[in-house]
Amino acid sequence: MRIYDSFISALKAVWTHRMRSILTMLGIIIGIFAVTSLISVGQSSNAAITAQIEGLGTNMLTVSIRDYRAKLTLKDVEEMKSLDGIAAASPAITSIYTVKNGNTSMDSITVQGVSPDYQAIRGYKLDSGRFISDKDNSSRLKVAVVGQNIAVTLYGTLDVIGQKIAINGIQFQIIGLLEQQGSNETTNQDDLVMIPFVTAQRVMQNTRISTVYLSAVSADIVTAAQENVVKYMQRFSTQDNGFSVNTQSSVLKSLSSVTATQTAMLGGIAGISLLVGGIGIMNIMLVSVMERTREIGIEKAIGATRKDILLQFLFEAVIVSGIGGLIGIFLALFGSGFVGSIMNTAVTVQSGVMILALVFSLAIGIGFGIYPAVKASKLNPIEALRYE
Amino acid sequence: MALIEIKDMYKIYEMGSEKVHALDGINLEIDEREFVAIVGPSGSGKSTLMNMIGCLDVPTSGKYYLDNEDVSALPDRRLAKIRNSKIGFIFQQFNLFQKMNAYENIERPLKYARVSRQRRADMTKAALEKVGLSDRMYHKPNELSGGQQQRVAIARALVANPPVLLADEPTGNLDSKSSNEIMNLIKDLHSAGNTIILITHEHDIAKEADRIINMSDGRIVSEIRNVKGDIVVGKGKKYENL
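Since the model is a prediction, treat every value here as computed from it, not as a measurement.

**Q** Lay out the overall build of chain B in plain terms, naming residues and giving numbers.
**A** Across its full length, chain B holds seven helices and 11 strands. Buried positions account for 44% of the 242 residues belonging to chain B. Considering only contacts within chain B whose residues lie at least 6 apart along the sequence, 65% involve residues at least 24 apart.

So, in structure tokens, the structure goes:
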């Protein structure tokens, strides 16, 4: 039979058993819908995170020192500024504390000790007041720059310059308020408190410098700057993994590998439902072959070859899975918008994912339809004709 | 050469340790335009012989020439093609496709023969005309009487103009009035030049044929030439005595 006639014949068979076809399709619809929308949600959140990190400035470098024998001083950090390609450097020390205004308090607040360069490196903008100065550092002043959330929660107002804030029970004076920034990958900057680095060393009782933030002169020379920093750092530690110098792009890379894994996991879990849908197709096709045994016998008697019978049944499976796939993709297009509105991110279904989903659903039709189809094609015509 | 030529055909089934000879050395020739009836009790091997003639089965040994082609050892693909172009099957159970109307049923073999759509329509309509069912084209089998269903089946059998029409108890499921109609139709087809092989256990039906082949235990035990359906001659026996 011609391929076209086989296809039409299969289409008619699917239509004849439409209730059964729709129920079988449902498995594929749900599977494809789940896979497509979950992968799209994963991809879209990945894209959102990437955009946010890139928005932080791509010329930032981070030095993390793990070697305890590496004694880096503030003078060394100053010296790093004169390295080729480096524009600014700031040490950082971080701890989690409870902060208080009178009886109002906030737990688990990230308090960072930094130097004046930190503002430029991270690109922080101030809503009011000023950032930490060299003088604050050298005089170990108890001053703080706070995020908007801190101000609103502790004081109920954004007018907080000059107010007192207790960090771990020590009184600080607020000198600056950050602009509202939203959240990024590491900290919520609206919940951040920054104090002079030298003051922080006291408060946190830690004189070791284990983290240094730097910024390259421009984004193009980040890699060259990174090499210079590595070279400079080697005088403090020769140990393997004694320190690491990361750029935003390396952070981005490791982060996107994490989200890619997450996406793959989500897709994999949803893939199980697709597998179940495929088994449903196989099940129904086997029943169908059984029911139509006599019909197959007649077809063979009037001239159908094995290939004709095989194609007929394979087409039926592929039509069911293909239409199911299309409906699933269609639902995912609407559904992911809905999921996106719940998750507060824009979720878009990429055309690549749609094509992949369609190819996958057709492959499932072939994969799970082939066994019943082969079984049908191999029926002995005499026995099939005798089948009641 | 005869249209059908069977030489020393055996079909042996192994049932456990026992060997069953369904066909036990059949020699048979059927010429073009003959009307042959194969009779015999159940288990005589007439159905097996019919399956062989219809290329639905292959013999254990022996030769079968159909239309000058050795078809005794062909692969499935070739056999399907021969069934499609050389044989028209007429079954006791009609064996129509229940989901298709009369027209689609008759058209089906032509699709396997890859006939173009326009030619299919012409040939299908001609076949419907021959069996007198042009006005029932769009009826499904369950909307037709038994006799009408068998007519559709006959139209399907002859639509591709095969050299052989193979009828297996064509009237077995019909009342006597419809039986007569169908037998008249088969006789008409014979007069129009078709070769007909009829398998039956009813002597009244067999009597309509030119030649009656009697089978028993996988062998042809007697063969009778039937002259004008009246006087029966062959191997010295009268037909009534069979």
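From this point, the narrative continues.
**Q** Please give an account of the overall build of chain A that cites residues and values.
**A** When helices and strands are counted, chain A shows 13 helices and 10 strands. Taken over the C-alpha trace, chain A has a radius of gyration of 32 Å; the compact-globule value for 388 residues is 21 Å, which it surpasses by more than 25%. In terms of its C-alpha atoms, chain A occupies a principal-axis envelope of roughly 100 × 50 × 30 Å. Long-range contacts, defined here as pairs at least 24 residues apart, represent 83% of the contacts in chain A between residues at least 6 apart.

**Q** For the pairing of strand β4 (residues 61-66) of chain B, give the residues involved together with the corresponding values.
**A** A regular strand places its side chains so that they alternate between the two faces of the sheet. Residues and elements named next belong to chain B. Looking at chain direction, strand β1 (residues 4-15) and β4 are connected through five bridges and run antiparallel. Residue pairing in the sheet places I4 in a bridge with L66 of β4. As judged from the two bridges shared by β4 and strand β5 (residues 69-70), these two strands associate in the antiparallel manner. Counterpart to Y65 in the pairing with β5 is D70. Connecting the antiparallel pair β4 and β5 is a turn made up of two residues, with D67 showing a positive phi of about 55°.

**Q** Outline helix α6 (residues 148-155) of chain A, listing residues and values.
**A** Residues and elements named next belong to chain A. For α6, the complete set of buried residues consists of I150, A151 and L154. Looking straight down α6, one finds that the buried residues subtend no more than 100° of arc, so they occupy a single side. Elements in contact with the buried residues of α6: β2 (86-101), β3 (104-114), β5 (143-146), β6 (164-167), β7 (170-178) and β8 (193-196). Phi for G156, located one or two positions after α6, is positive at around 70°.

**Q** Could you give an account of the environment of B:I4, with specific residues and numbers?
**A** Along the chain, the position of B:I4 falls in strand β1. Aside from chain neighbours lying at most four places away, what touches B:I4 is B:E29, B:I30, B:I53, B:L66 and B:V164.

**Q** Could you give an account of the environment of B:K207, with specific residues and numbers?
**A** Along the chain, B:K207 turns up in the loop between α7 (203-206) and β9 (211-216). The sequence separation of B:K207 and B:E29 amounts to 178 residues, and the corresponding C-alpha distance is 19 Å.

**Q** Just give me the short version of the interface of chain B and chain A, but keep the residues and values in it.
**A** With 20 residues of chain B at the interface, the matching set in chain A holds 16 residues. Split by residue class, the side of chain B that touches chain A holds seven nonpolar, three polar and 10 charged.

**Q** So, the packing of helix α5 (residues 146-158) of chain B against helix α6 (residues 176-191) of chain B: which residues are in play, and what are the values?
**A** Residue and element names in this part refer to chain B. In the contact formed by α5 and α6, the axes pass within 9 Å of each other and the chain directions differ by 20°. With respect to each other, α5 and α6 are oriented roughly parallel. The crossing of α5 and α6 is right-handed. In this structure, α5 contributes G146, G147, Q150, R151, I154 and L158 to the contact, and α6 contributes S178, E181, I182, L185 and L189.

**Q** Break down the sheet that holds β4(B) for me, with residues and values.
**A** All names here are of chain B. What the four strands build is an open sheet, ordered β2-β1-β4-β5; its pairing is antiparallel. This sheet does not close on itself; its edge strands, each paired only once, are β2 (18-30) and β5. Sheet topology note: the β1/β2 ladder contains 10 bridges and is antiparallel. Following the sheet pairing, Y10 is matched in β2 by D24.

**Q** Give a detailed account of the domain arrangement of chain A, specifying residues and quantitative values.
**A** Taken domain by domain, chain A holds domain 1 (3-52 + 254-386) and domain 2 (71-236). Centre-to-centre separation of domain 1 of chain A and domain 2 of chain A, based on C-alpha positions: 55 Å.

**Q** Describe the nonpolar core, naming the residues involved and giving the relevant values.
**A** One broad rule of soluble globular proteins: the nonpolar side chains tend to lie buried together. Formed by 113 residues in total, the largest nonpolar core has its most connected members in B:A155 and B:L166. Residue contributions to this core peak at 12 residues, all from helix α11 (residues 306-343) of chain A. Ignoring any residue separated from it by four or fewer positions in sequence, one finds B:L166 in contact with B:M50, B:I53, B:G54, B:I87, B:G88, B:F89, B:I90 and B:I197. One finds A:A92, A:V111, A:I121 and A:I195 within the second-largest nonpolar core, a separate group that totals 52 residues.

**Q** Give a detailed account of unusual backbone geometry, specifying residues and quantitative values.
**A** Residues and elements named next belong to chain B. Look at N68: it is not a glycine, yet its phi comes out positive at around 70°. Position of N68 relative to the elements: it lies in the loop between β4 and β5. Here the phi dihedral of N161 falls at roughly 50°; this positive angle occurs in a residue that is not glycine. Looking at the element boundaries, N161 is found in the loop between α5 and β7 (164-168). With 11 C-beta atoms counted inside 10 Å, the residue N161 sits in the exposed group.

Reading the values: the criteria
- Residues numbered from 1 in each chain as written.
- Chains lettered and ligands numbered in written order.
- Predicted model: local features only at pLDDT ≥ 70, side-chain atom pairs only at ≥ 80, totals over all residues.
- Helix = DSSP H or I, 4+ residues; strand = E, 2+ residues; numbered from the N terminus.
- Buried ≥ 20, exposed ≤ 12 C-beta atoms within 10 Å, placed from the backbone.
- Contact = placed C-beta atoms within 7 Å.
- Rg over C-alpha atoms; globule rule 2.2 N^0.38 Å.
- Pairing = 2+ DSSP bridges.
- Arc of directions from axis to C-beta.
- Nonpolar A, V, L, I, M, F, W, Y, C, P; charged D, E, K, R; others polar.
- Axes fitted to C-alpha atoms, helices over the stretch in contact; angles between N-to-C directions.
- Parallel < 35°, antiparallel > 145°, perpendicular 65-115°, else oblique.
- Left-handed = near helix turned anticlockwise from the far one by under 90°.
- Domains from an automatic or database assignment.
- Core = buried A, V, L, I, M, F, W, Y, C linked by C-beta atoms within 7 Å.

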